[in-house]
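The residues making up each chain are set out below.
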Amino acid sequence: MSRSDGISLAYLVTIVCFILALRFLSSPARARHGNWLGAFGMAVAVVATFVQPGLTNYASILVVMAVSAPIGAYAARAVRMTAMPQMVALFNGVGGGAAALVAFADFHNSAPSPDRLALNNSVAIVLSALIGSISFAGSMIAFAKLQEVMPGRPITYPGQKVGNLALLAVLLGLGIAVVAGYERQWVLGLLILGALAFGVLFVLPIGGADMPVVIALLNAFTGVAASATGFVLHENVLIVSGMLVGASGSLLTLMMARAMGRSIANVLFGAFGQLQVSAEAIAASDGAVRPTTPEDVAVMLAYAQRVVIVPGYGLAVAQAQHAVRDLATELEKRGVDVKYAIHPVAGRMPGHMNVLLAEANVPYDQLSEMDEINPEFDRTDVALVIGANDVTNPSARNSPGSPIYGMPILDVDHSKNVVVLKRSMNPGFAGIDNPLFVDPKTVMLFGDAKDSVEKLVAAVKHA
Amino acid sequence: MTTSFLIELTVLILAAFLGVEVISKVPTLLHTPLMSGTNAIHGIVVVGAIIVAGIPGQPTWLRIVTLAAVALGTGNAVGGFVVTDRMLEMFKKRKPGEQEQQEA
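Residues numbered from 1 in each chain as written. Chains lettered and ligands numbered in written order. Predicted model: local features only at pLDDT ≥ 70, side-chain atom pairs only at ≥ 80, totals over all residues.

A. Broad picture of the overall build of chain B. Within chain B one finds five helices and zero strands. Along chain B, helices (α) and strands (β) appear in the sequence α-α-α-α-α when read from the amino end. Across the 104 residues in chain B, those meeting the buried criterion constitute 55%. Contacts in chain B between residues at least 24 apart in sequence constitute 69% of all its contacts with a sequence separation of at least 6. (Helix = DSSP H or I, 4+ residues; strand = E, 2+ residues; numbered from the N terminus. Buried ≥ 20, exposed ≤ 12 C-beta atoms within 10 Å, placed from the backbone. Contact = placed C-beta atoms within 7 Å.)

As structure tokens, then:
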């Protein structure tokens, strides 16, 4: 067995480890072991790469790795769970940027040869550079929006769509030029710069509430870019790993768009949040809301049989997760059955709310998905909506004129009583009024979510 | 088209189907760890970065570019696995009898 056979076998081990890592994610009990296996696979791949024949420059590569590994680990340790979407966006960008740089370097090393590049090589180089650069720049903008370095609302200007399309056409033109044989470095350089600009422009008009879709899409992009890099370097380990990520990102993108009841095109180009509140929704809001007190709610909860807590991003913003967990514990002590209803887009990325509640020590078997919990609202005494709005809005079900019509929602209005914890009467993230708030079954508890829930905990203890 | 390219393409397509198959079994509960886990996996570009950084006789500017790619890929892979581990550690099932213990 030659040295390169050995390396290929090591890469095969890596591929198997990655696939098992994803497989183990199908159950929370084994998921952590899967992740360790994935990390082991990565280590195997890196070690195998170092024994590649003809490799030089070990010292500087090792120094760079020795410096960047602890930085990555530190960032991963320090990040707060509410900031996970930013972190994932950042890593997407970093991975995409690395893929683009590798493509550019390989082009420099192989392009000025007298013979033309093989077609599959030049296509792979162009795709890796293009998609990697879009992913890098787009992720940085997504990061800036989520981190609130820049405004999260959609940024639009006249001619935006036409301009973006024109830029994309130019980029494709440059790519085709390279593939057709015009193998000049400045062309690929221009392609990368243009792709960076496109990445920025394409995320600018997408609002904060649509970030779950964008992050999943950028994740897919980075995976595909890594896969293209595999075609550039003829390494199966990159092709397979990149494609696994591409498949995952694509599936999540579709799921998130479906959970918003919108097409991907609408999310990406619709500049949601710009929509005006429809006349119908305003008419509905003429009804009066019924404010209540923590004491009244506490009595209602303490003597209920089944309570479903519906957490939204507002809960995470108010850092009320631990207080909510305390409330659930108090209620359970009194024999109340407590569950959490998690909408797929309850956070800023797929599955975000589950992580936030897990961090507050909520056992995961209490967390119910939308399809699982919706039939149960009919038998629920109190639905406690905390910092969630659009995902509970019945207009999505029954008013075809509403901008969110068709979005799957949590049917909280089917329960006997609804308590909505809200800071004020401002509409939700999508800027749409919620008829749930004026439903005769609904009472509103105004104030900071954490403060309100803490008062509820105290009041339940005395109820 | 060459045979090796066709083999690579075959591998790609099979990986796509396998990916969809495996990932559709991941519950929504774990979608965030899935994203950060796949994030770590695309850190595999570090392998490509090491290969191009190790090519002898490159000009200094290109050396910087390739080493930058190594740095990005390494940070991506290490950070991705660490943050995923941190998250998965938090997912706990309710212990049987926990409620009774609290009442006692």
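Past the structure itself, the notes keep going.
B. Summary view of the overall build of chain A. Each helix and strand in chain A was counted, giving 18 helices and six strands. Based on the C-alpha atoms only, the size of chain A along its principal axes is roughly 80 × 50 × 35 Å. For chain A, the proportion of contacts with a sequence separation of at least 24, taken over those separated by at least 6, is 80%.

C. Molecular detail of the confidence of the model for chain A. A residue-level look at chain A finds 94% of positions with pLDDT of 70 or above and a mean pLDDT of 90. Across residues 273-285 of chain A, confidence stays below pLDDT 50; counting only partners more than four residues off in sequence or on other chains, it has 31 contacts. (pLDDT = per-residue confidence, 0-100.)

D. Looking closely at the environment of A209 of chain A. Residues and elements named next belong to chain A. Within the element layout of this structure, A209 appears in the loop between α7 (185-203) and α8 (211-233). A residue is classified by how many C-beta atoms lie within 10 Å of it, and A209, with 22 of them, is buried. Along the chain, A209 and G347 lie 138 residues apart, while their C-alpha atoms are 8.6 Å from each other.

E. Representation of unusual backbone geometry within the structure. Residues and elements named next belong to chain A. The backbone of H234 sits at a positive phi, close to 60°, despite the residue not being glycine. With 15 C-beta atoms packed within 10 Å, H234 lands in the partly exposed category. If you check the backbone angles, N361 has positive phi at about 65° while not being a glycine. Position of N361 relative to the elements: it lies in the loop between α15 (352-359) and β3 (367-369). What makes N361 exposed here is the crowd of 12 C-beta atoms within 10 Å.

F. Local environment of the interface of chain B and chain A. The interface is formed by 79 residues belonging to chain B together with 95 residues belonging to chain A. Of all the elements in the fold, those that place two or more residues in the side of chain B that touches chain A are α1 (3-23), α2 (31-41), α3 (45-53), α4 (60-90) and α5 (98-103) of chain B. Looking at the side of chain B that touches chain A element by element, the count peaks at 27 residues for α4 of chain B. Per-class residue counts for the side of chain B that touches chain A are 46 nonpolar, 24 polar and nine charged. (Nonpolar A, V, L, I, M, F, W, Y, C, P; charged D, E, K, R; others polar.)

G. The arrangement of the sheet that holds strand β1 (residues 306-311) of chain A in detail. Residue and element names in this part refer to chain A. The strand order across the open sheet built from six strands is β3-β2-β1-β4-β5-β6, with neighbouring strands paired in parallel fashion. Bordering the open sheet on either side are β3 and β6 (442-446), each of which pairs with just one other strand. Taken over all neighbouring pairs, the strand axes of this sheet differ in orientation by 25° on average, direction set aside. In terms of strand pairing, β1 meets strand β2 (residues 337-342) through four bridges, oriented parallel. Opposite V307, over in β2, you have V338 as the bridge partner. Against the sheet, α15 engages β1, β2 and β3, with an angle of about 140° to β2. (Pairing = 2+ DSSP bridges. Axes fitted to C-alpha atoms, helices over the stretch in contact; angles between N-to-C directions.)

H. Just helix α5 (residues 119-146) of chain A, in detail. The first and last C-alpha atoms of α5 of chain A sit 40 Å apart over 28 residues, in line with the 40 Å expected at 1.5 Å per residue. The positive-phi residue at the C-terminal boundary of α5 of chain A is E148 of chain A, with phi of around 60°. (Expected span 1.5 Å × (residues − 1).)

I. Structural context of the environment of S241 of chain A. Assignment of secondary structure puts S241 of chain A in helix α9 (residues 236-259). For S241 of chain A, the residues in contact, after removing those within four places along its chain, are I15, F18 and A226 of chain A together with I41, H42 and I44 of chain B.

J. Spatial organisation of the nonpolar core. In terms of nonpolar packing, the biggest core is built from 194 residues, with A129, V310, V385 and I386 of chain A together with V70 of chain B touching the most fellow members. Ignoring sequence-local partners within four residues, the contact set of V385 of chain A consists of V310, T392, V412, V418, V419, V420 and L421 of chain A. (Core = buried A, V, L, I, M, F, W, Y, C linked by C-beta atoms within 7 Å.)

K. Layout of the pairing of strand β4 (residues 382-386) of chain A. Residue and element names in this part refer to chain A. With five of five residues buried, β4 lies mostly within the body of the structure. Bridging between β1 and β4 involves five bridges; their strand directions are parallel. The residue of β4 that forms the bridge with V308 is A383. Bridge analysis of β4 against strand β5 (residues 417-422) gives five bridges, and the strand direction is parallel. When the bridges of β5 are listed, I386 appears paired with L421.

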